[in-house]
Amino acid sequence: MEFRDLKKQYQVLREDMDQAILRAVASGAYIMGPQVKELEKQLAEYVGVKHCLTCANGTDALTLALKAWGIGPGDAVFVPDFTFFSSAEVVPLEGAEPVFVDVCEDTFNIDAADLDRAVQAVLSEGRLRPRVVVTVDLFGLPADYQAVRAIADKYGLLILEDGAQGFGGSIAAKRACSFGDIATTSFFPAKPVGCYGDGGAVFTDNDEWAALIDSYRVHGKGQFKYDNVRIGMNSRLDTVQAAVLQVKLKAFAEYELDAINAAAAKYTERLKDIVATPVIPAGFRSSWAQYTIKLQDSAQRDALQAALKAEGIPSMVYYPKPMHLQTAFSSLSFRAEPQEKSRNLNLCPVATSLCSRVLSLPLHPYLTDEQIDTVCTAIRKFLK
Ligand SMILES: *Cc1c(COP(=O)(O)O)cnc(C)c1O
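Criteria and cut-off values
Residues numbered from 1 in each chain as written. Predicted model: local features only at pLDDT ≥ 70, side-chain atom pairs only at ≥ 80, totals over all residues. Heavy atoms only, no water. Pairing = 2+ DSSP bridges. Helix = DSSP H or I, 4+ residues; strand = E, 2+ residues; numbered from the N terminus. 1 Å grid on protein atoms, 1.4 Å probe; cavity = no way out; pocket = protein on both sides within 12 Å on 5 of 7 lines; lining within 4 Å. Points joined across faces, edges and corners; volume = space filled by probe spheres on them. Nonpolar A, V, L, I, M, F, W, Y, C, P; charged D, E, K, R; others polar. Buried < 20%, exposed > 50% of the residue type's maximum accessible area, 1.4 Å probe, protein only. Contact = heavy atoms within 4.5 Å. Near = heavy atom within 4 Å. Polar contact = N/O pair within 3.5 Å; in protein donor to acceptor, adjacent residues only side chain to side chain. Areas by Shrake-Rupley, 256 points an atom, 1.4 Å probe, with all protein chains shown as cover. Sits in = over half its atoms within 2 Å of the grid points. Salt bridge = Lys/Arg side-chain N within 4 Å of Asp/Glu carboxyl O. Patch = residues over 30% accessible without salt bridge, like charges linked within 9 Å, V, L, I, M, F, W, Y side chains within 5 Å. Core = buried A, V, L, I, M, F, W, Y, C linked by side-chain atoms within 4.5 Å.

Visitor: Describe the sheet that holds strand β6 (residues 170-171), and please don't skip the residues or the numbers.
Guide: Spatially, three strands are ordered β7-β6-β10 in an open sheet, and the strand pairing comes out antiparallel. At either margin of the open sheet sits one strand with a lone partner, and together these are β7 (174-175) and β10 (284-285).

Here it is, written out as structure tokens:
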């Protein structure tokens, strides 16, 4: 069994995919070919925002947003403690400081009440200016934007939606990557919509920020390519990857998103009486980047993972370490308390606890009922 079966997806999409790739290769327009602009239009329409700018990966997409906002030294950027490293990594790269915020036990997403506490702590210390909150749509579920927007408005924070895992999710009729003032996504192969390499995109309704991001992604270009008006990056999406993504986006919108939701619902149906299954609040829809259950403690989690492995069932721990305990942030992150005290387990206790108890199960749109049964039977056997 595969954790996310991309080879099976290719077999299903093969005819269209081979044609799209060969057309891109034969065209000779390898950088910024027509497929890139077409894809950007399709992505913007799907998400429901004015501008989509593709780039080299989801990490660059976050960096481009921070650059457009001029985030730098002296700025505080609030980031959930339970996420992939990139969400916070981009902050010190711009000279700003990440401030870690705890998450909600049930949704895994940023806790608006703890965001309020963290902003207050930064303000009372007085060293940094609160500027941005990065909301991560973790495992495919949009963050609680109603609650986060209220705190952001209270303190004048910009919302940067890290939708690397969230593309395709929604709250009521509004799609993920439209909730932030700027939103980003990743097309890393295993994400909800992935290409055959690295890729990413930035979304916004704001014309000025879109123009800045368009400049930053091509060496800070001005009126033309060899007119460079700011220090930028080389961060474009390859034409071949855009062609791949056009085929993938069509399948995703037509049936993959429904299929993965159906598979997740089957897991929940068969597991909810014996283990803590994912919580999707009313009105929310997940794109199921991961299906993550919670065990009692790390011993039980690790033993279950070993038991599944023995039966040939892959599973993953997303994520084993909270951001505030990452070595890379040991000297960088904001400390409301003295250094030693703040590095204890009481900073972001929910995120820290989740890291020891979560386990993500195999999930993708092509997972069969039989495979779901195999996984659920193995979990039930272990927990009994
Ligand atoms: C994957 C991921 C990223 C980074 O995307 P890349 O395309 O790998 O650079 C950023 N944030 C989150 C939450 C992710 O899961």
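Visitor: Which residues make up empty space enclosed by the protein, and what values go with them?
Guide: One pass over the full model with this rule turns up three cavities of 30 Å³ or more. Size it by volume and the largest cavity reaches roughly 80 Å³. Tallied by class, the residues present in the lining of the largest cavity amount to eight nonpolar, four polar and one charged. Along the walls of the second largest cavity sit 13 residues, with Arg4, Leu6, Gln9, Pro192 and Pro365 positioned nearest its centre. Among the secondary structure elements, those contributing two or more residues to the lining of the second largest cavity are α1 (6-27) and α8 (239-271).

Visitor: Report on helix α4 (residues 86-93), specifying residues and quantitative values.
Guide: Owing to its 3.6 residues per turn, the α-helix brings residues three or four apart onto one side. What α4 keeps buried is the set Ser86, Ser87, Ala88, Val90 and Val91. Considering only its buried residues, α4 is in contact with α3 (58-68), β2 (75-80), β3 (97-101), β4 (129-136) and β5 (158-162). Looking one or two residues beyond α4, the residue adopting positive phi is glycine 95, at roughly 90°.

Visitor: So what's going on with the site of the ligand? Residues and values would help.
Guide: Gly58, Thr59, Asp162, Ser186 and Lys191 are the nearest of the 14 residues found near the ligand. At 2.7 Å, a side-chain N or O of aspartate 162 approaches a nitrogen atom of the ligand. At a separation of 2.8 Å, an oxygen atom of the ligand approaches a polar side-chain atom of glutamine 165. The fraction of the free accessible surface of the ligand (380 Å²) that becomes covered by protein chains is 92%. Assessed atom by atom at 2 Å from the grid points, the ligand resides in the largest pocket.

Visitor: Go over the pattern of salt bridges with me, naming the residues and quoting the values.
Guide: Summed over the entire model, instances satisfying the criterion amount to 26 salt bridges. Lysine 7 is the partner of glutamate 2 in a salt bridge, and the nearest nitrogen-oxygen pair spans 3.8 Å. Among the residues examined, glutamate 2 registers a relative accessible area of 34% and is labelled partly exposed. Residue classification places lysine 7 among the exposed positions, given a relative accessible area of 58%. A salt bridge links lysine 250 to glutamate 254; the shortest N-O distance between them is 3.7 Å. Pair noted here: lysine 250 and glutamate 254 are both in helix α8, with a separation of four residues, about one helical turn. Within the structure, one salt-bridge network assembled from shared partners comprises Lys37, Glu40, Asp214, Arg217 and Lys221.

Visitor: Outline unusual backbone geometry, supporting the account with residue identities and numerical values.
Guide: Omega for the peptide link from tyrosine 318 to tyrosine 319 comes to 5°, which places this bond in the cis form. A positive phi angle, close to 55°, is found at methionine 32, a residue other than glycine. Considering the arrangement of structural elements, one finds methionine 32 in the loop between α1 and α2 (34-47). A relative accessible area of 32% means that methionine 32 is categorised as partly exposed. Here cysteine 348, not a glycine, exhibits a phi torsion of approximately 55°, which is positive. Relative to the elements of secondary structure, cysteine 348 occurs in the loop between α10 (339-342) and α11 (349-357). The class of cysteine 348 is buried, set by a relative accessible area of 4%.

Visitor: A description of a nonpolar patch on the surface should follow, citing residues and the corresponding values.
Guide: A surface patch of nonpolar side chains, about 350 Å² in accessible area, is lined by Val25, Tyr30, Ile31 and Met32. The residue isoleucine 31 is located in the loop between α1 and α2 in this model. Accessibility expressed as a relative area gives 47% for isoleucine 31, which makes it partly exposed.

Visitor: Please give an account of the nonpolar core that cites residues and values.
Guide: The biggest cluster of nonpolar side chains holds 99 residues, and the ones touching the most others in it are Phe82, Phe167, Phe203 and Tyr267. Contacts of phenylalanine 203, omitting those with residues within four sequence positions, involve Leu43, Ala44, Val47, Val49, His51, Cys52, Phe167, Cys177, Asp181, Ile182, Ala183 and Thr185. Formed by 25 residues, the second largest nonpolar core is a distinct cluster that contains Phe78, Val148, Ala176 and Phe284.

Purely geometric numbers; function is a separate question.
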